[in-house]
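Close look at the chain arrangement
The residues making up each chain are set out below.
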Amino acid sequence: TMEGADETLVNAGNSTEEDAMALDPPGLPSQDLTASVDPKDSESSLFSESAEDNANANDETAVAPENVDEPVPVGDETPPPPEGDGVSEDVVVANDGADESTVIEPEQPPNTDSKVMDPTADELPPPPEPESEDADDETVESSPANSEGQEASDEESAVVDDPPSPNDPDQLSNVTDVDAVAKDESSMDELPSPPEQPKGVDEPEVDEKEIEVTASPSASPTAATRAVQTSSPSSAKVYDPLPVQPVNIIVLTDVHSWVMGHGSHEPALDADYGDVLSFFQRYKDSLNGEDVYLVNNGDFIHGTILGDNPPNYLPGIIERMPFDLIGVGNHELTSVDSIAKLREPGGLFDEWGKKLITSNVQVKGDAAKLEPLGHNFVILKGRQSNILALGFLYNMKDSVVTVETVESTLDEEWFKSLFLADAGFDFDSILVLAHMDVQDDLVALLLAKLRSFVGPNMVIQFITGHTHTRSYEQLDDYSSSFEAGAFLNTIGYISYDPKQPNSFKHEFINANRASIAQTLNMSVEQYQTDDGKELSEYIARTVEHDGGNVKLGCIPRQYRVVGALEEDDSLLGLHLRTVIPNGYFGRLGHTVTSTHGRGSGKGSTKSTEQHVFVQYLDRSVQYDLFSGTATMNDVYGVVPEDDNVVEIAHGLQGKTILDIIKGMDAGNFAVGAVATTNEDSDDVELVSPYGIKNEQLYRLHSVSLQVSAIQDIMLGLDVPAKFITHTGSGSFKHSAHQPQSLRALWVDVIKNEFSYDGDDCACLASNNCSNSKDYSAPITPSSPKGGVTTEPLPEIEGTEIEGI
């Protein structure tokens, strides 16, 4: 340790520390969980001209799995795996703000006698007493990578597996080996077991096909052309036990707050965070000295009602997960309110501490000096390998914090100092959390730079994300890139031997209880731990409290994100044909014919001005709207990031509007438009000229995030400034039309067009919902969620376990 530095023990990596909620629902005391210790191009910059910003404009939309068959269940007679010593990992963390070494202590396997406290209890349990320092000490040795003489294993192909979608050198600390200190688990009250889970459920499965791609020549010294395998849901998959190696990594990425799983709409994806917690605990218990880490690669907000801006209840769930490493995605950095919530004192980022790795994401500190949002790096010291962990976000241009380019970060002194012989950093493999595509040019850049420091024979494992695919590519004999789906449709697993070439083994586990059970060679009932079941119940109560289960309407068919505009089941088509005309234009007093025979009905304007709505379609909707009962959480799935529909201009001739649309269409994103008309018509024209008349005068509308780009096009067309209504700064001169929440428009349309029948949508069976009375819950305009009204709740501080 550096002279004068203090050696401080903290709970991180794997710990039994109580995880406190950000906001606890009523009657939900903060609970101890016996556990070993989650977050395309910039979507908020819709108009970037860079190749990276436009390469995957629609990558963050979800496609529901189809043609799902039932997996083969594992019988109850299968015994649980034998108890082993578990994994004891030392994590040595470079403290970015002080000259000290911090040791993250290891943990013994969970105590089989440990219990979960009663969720109805009124009091928090006292913190357990720490174990004495002489318990099971273990010295961790570094093991350098073996560069030669190893027999290569079967080479992995690159896989794309689509599921069912100078910094101040004083910041560096000298790192030395230390003795590991173990802790016993805390004891908690018993929780009654929930009803038995079914032994088999439908689940998505993948069949692999091969297509050829050429790896970037700059990716690594041994990069070559490899096969890329793609897959789609097919026959049921039977999982074998996972291939255990010295280093084993369980991966979640781009969960987007789907911590509750997918419910009755998608029973093939019935696993929630409680199941992931159970899986991690059972898997860790089955090991015999191998290292295992649970990592979260970012984008953990925006996707459900729990992930709204700001995510008031989500942190209390996520911090109960025993993540060893966490990175951030672009979604965590797009809202001032959300980043403030995550960074508040005692909040989620504080709770994660040195496990949050953000090598190129910075914020202004107390002295207005830029400092890492989390920490630049961490060294994980395990029994089998010492791992240097880094975390990079792609070169995001429009974050509410500072995102340094990857290129400039690699030239900073703190980064180069990691590889100096006299720096004292001891590691034999490298793990990079990279929130970017599995084949991103920045992955190749990072690999080439790291290879220039460590040579060709050190393992460099990339955990990628952002594109919402299941993807794998082996980059060279000692490096691979792995992305594990999105929306909690996948639990990723990758393992390697730091001393062997071509040792990478990976698995995409469908986020399904039967699939999890198969990988553990257990039944569903056997693998679910008390901690996992308690967390599942806690999540369900939180969703209910947050208004996610409010019933809004009865949807007669599934509307798909991937459906083309002209298709009847297109979600974008529903957005443009119904939500904008009957929702937004309806509020303005101008409507078009309902395409479902209910709601506003026909209408025409006597005004000399009609209305046109235009929008880039890359971020309009995110997740399918399913048939059956539609809830408030379903609306949040469709519109996870709310935006306002606003008036941009007035008094524009139709031919000018068409020129504006043509200018928008010249970019890299699809454009949608819909117009009102004086003519009585049952059709809404969604192709040019969109029913727009050249000499007719129109008011132009769009979503607020796109106003600036559209007005740039207007200025290029010399549209007089006097016609511009919305200046982009919140003023609406010349207009009485106030901004309308896009999410609220969806709620209105579902309630009016697909009214709830008060009987769990039994009307759908008789196709008689059109005459149903609306039994959906009243929506209070002032409600923070557009649903039930909730009062801010006091934070409940959790119990803590002091470092030994």
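The structure presented is a predicted model; accordingly, all values stated were derived computationally and were not measured. (Residues numbered from 1 in each chain as written. Predicted model: local features only at pLDDT ≥ 70, side-chain atom pairs only at ≥ 80, totals over all residues. Heavy atoms only, no water.)

**Remarks on the overall build of the protein chain**
For clarity, the threshold we go by: Strands here mean DSSP runs of E at least two residues long; helices mean DSSP runs of H or I at least four residues long; both are numbered from the N terminus. Working definition: with a 1.4 Å probe on protein chains only, accessible area under 20% of the residue-type maximum means buried, over 50% means exposed, and in between means partly exposed. Only the protein chains shown count as covering a residue, and every accessible area follows the Shrake-Rupley method with a 1.4 Å probe.
Looking only at helices and strands, the protein chain has 16 helices and 29 strands in total. For the protein chain, buried positions account for 61% of its 804 residues. Here the protein chain has roughly 29300 Å² of accessible surface; of this, 46% comes from carbon and sulfur atoms.

**Notes on the pairing of strand 23 (residues 551-555)**
What counts, and what does not: Here a strand pair is declared whenever DSSP counts at least two bridges between the two strands.
In terms of residue burial, strand 23 counts as a mostly covered element, since four of its five residues are buried. Pairing between strand 23 and strand 25 (residues 628-631): four bridges, direction antiparallel. Looking across to strand 25, one finds that I555 is bridged to G628.

**Here we look at the side chain of T629**
Take T629: it is sitting in strand 25. The exposure class of T629 is buried, given its relative accessible area of 19%.

**So, the sheet that holds strand 21 (residues 490-496)**
The strands making up a sheet associate through hydrogen bonds between their backbones, and the pairing can be parallel or antiparallel. Here five strands make up an open sheet; going across it, the order is 11-10-9-21-22 and the pairing mixed. The open sheet has two edge strands, strand 11 (325-326) and strand 22 (505-510), and neither has a second partner. For strand 10 (residues 291-296) and strand 11, the ladder comprises two bridges, and the chain directions are parallel. From the neighbouring strand, V295 faces strand 11, where its bridge partner is L325.

**Looking at the packing of helix 2 (residues 273-285) against helix 9 (residues 513-520)**
The condition that has to hold: Note on definitions: angles span 0 to 180 degrees between N-to-C directions of axes, and those axes are lines fitted to C-alpha atoms, for helices only across the stretch in contact. Put simply, angles under 35 degrees are roughly parallel, angles over 145 are roughly antiparallel, angles from 65 to 115 are roughly perpendicular, and the rest are oblique. Contacts are assigned to residue pairs with any non-hydrogen atoms lying within 4.5 Å of each other.
Look at helix 2 against helix 9: their axes get within 11 Å of each other, and the N-to-C directions meet at 5°. Here helix 2 lies roughly parallel to helix 9, going by the angle between them. Counting all contacts with helix 2, which are made through D275, F279, R282 and Y283, the residues of helix 9 involved are R513, I516, T519 and L520.

**Re the state of the cysteines**
Threshold: Criterion for a disulfide: a pair of cysteine sulfur atoms within 2.5 Å.
Within this structure, the stated rule accounts for two disulfides. Note that C554 is cross-linked by a disulfide to C761, the S-S spacing being 2.2 Å. Of note, the bridge from C554 to C761 carries an S-S torsion of about -90° and is left-handed in sense. Of this pair, C554 sits in strand 23 while C761 sits in the segment after helix 16 (742-753), and the two are 207 residues apart along the sequence. In this structure, C554 and C761 share a single accessibility class: buried. Each sulfur of the disulfide joining C763 and C769 lies 1.8 Å from the other. Sign of the S-S torsion, about 95° for the bond between C763 and C769, identifies this disulfide as right-handed. The two residues C763 and C769 agree in class, both being buried.

**Looking at the packing of helix 2 against helix 11 (residues 530-545)**
Condition: Working rule for handedness: look at the near helix, and if it is turned counterclockwise from the far one by less than a right angle, call the crossing left-handed; if clockwise, right-handed. Following the grouping adopted for this structure description, the nonpolar residues are Ala, Val, Leu, Ile, Met, Phe, Trp, Tyr, Cys and Pro, the charged ones are Asp, Glu, Lys and Arg, and the polar ones are all others, Gly among them.
Contact pair helix 2 / helix 11: the axes reach a minimum separation of 7 Å and the direction vectors enclose 165°. What the angle tells us is that helix 2 and helix 11 run roughly antiparallel. The handedness of the crossing between helix 2 and helix 11 is right-handed. Taking contact as the criterion, the partners of Y273, G274, D275, L277, S278 and Q281 in helix 2 are, on helix 11, D531, G532, K533, L535, S536 and I539. A per-class count over the contact of helix 2 with helix 11 returns four nonpolar, five polar and three charged.

**Some thoughts on the pattern of salt bridges**
Spelled out, the test is: In what follows, salt bridge is the name for a side-chain nitrogen of Lys or Arg lying within 4 Å of a carboxyl oxygen of Asp or Glu.
A full pass over the atoms with the stated rule returns 14 salt bridges. In this structure, the salt-bridge partner of K449 is D411, at a minimum N-O distance of 3.8 Å. Highlighted residues: K449 in helix 8 (residues 441-454) and D411 in the loop between helix 6 (406-409) and helix 7 (413-417), separated in sequence by 38 residues. You can call D411 partly exposed: its relative accessible area is 46%.

**Topic: the packing of aromatic side chains**
Note the threshold: Between rings of Phe, Tyr and Trp, where Trp is taken as its six-membered ring, a pair exists when centres lie within 6.5 Å; planes separated by under 30 degrees are stacked, by over 60 edge-to-face, and by other angles tilted. The rule is short: NZ of Lys or CZ of Arg within 6 Å of the ring centre and within 35 degrees of the ring normal puts a charge over the ring.
On inspection of all chains with the given rule, the structure shows 20 aromatic pairs. Taking 4.7 Å as the distance between ring centres and 40° as the angle between the ring planes, the aromatic pair formed by W258 and Y623 counts as tilted. With a gap of 365 residues between them, W258 in the loop between strand 9 (247-252) and helix 2 and Y623 in the loop between strand 24 (609-616) and strand 25 connect regions that are remote in the sequence. Judged by its relative accessible area of 7%, W258 falls in the buried class. By way of ring pairs, the aromatic residues F377, W414, F415, F419, F425, F427 and F453 are connected into one cluster. In this structure, R320 packs its charged tip against the face of Y538, placed 4.5 Å from the ring centre. Between the NZ or CZ atom of R743 and the centre of the ring of Y636, over which it lies, the distance is 3.8 Å.

**Describing helix 15 (residues 707-716)**
Because each turn of an α-helix spans 3.6 residues, side chains separated by three or four positions end up pointing in the same direction. Of the residues making up helix 15, those classed as buried are V707, A709, I710, Q711, I713 and M714. Where helix 15 is buried, its residues contact strand 24, strand 26 (644-653), helix 14 (654-665) and strand 28 (697-703). Phi turns positive one or two residues past the end of helix 15, at D718, with a value near 60°.

**Thoughts on the environment of L431**
The residue L431 is located in strand 17 (residues 429-435) in this model. With 42 residues separating them in the primary sequence, L431 and A389 have C-alpha atoms 4.7 Å apart. Those residues in contact with L431, other than ones at most four positions away along the chain, are I249, L325, I387, L388, A389, L390, Q461 and I463.

**Topic: the pairing of strand 26**
Most of strand 26 sits inside the fold, with eight of its 10 residues counted as buried. Two elements, strand 26 and strand 29 (residues 740-741), share two bridges in a ladder whose sense is antiparallel. Counted as the bridge partner of N644 is S741 from strand 29. Pairing of strand 26 with strand 28 involves six bridges; the strand directions are antiparallel. Looking at the pairing, Q653 lines up with L697 of strand 28.

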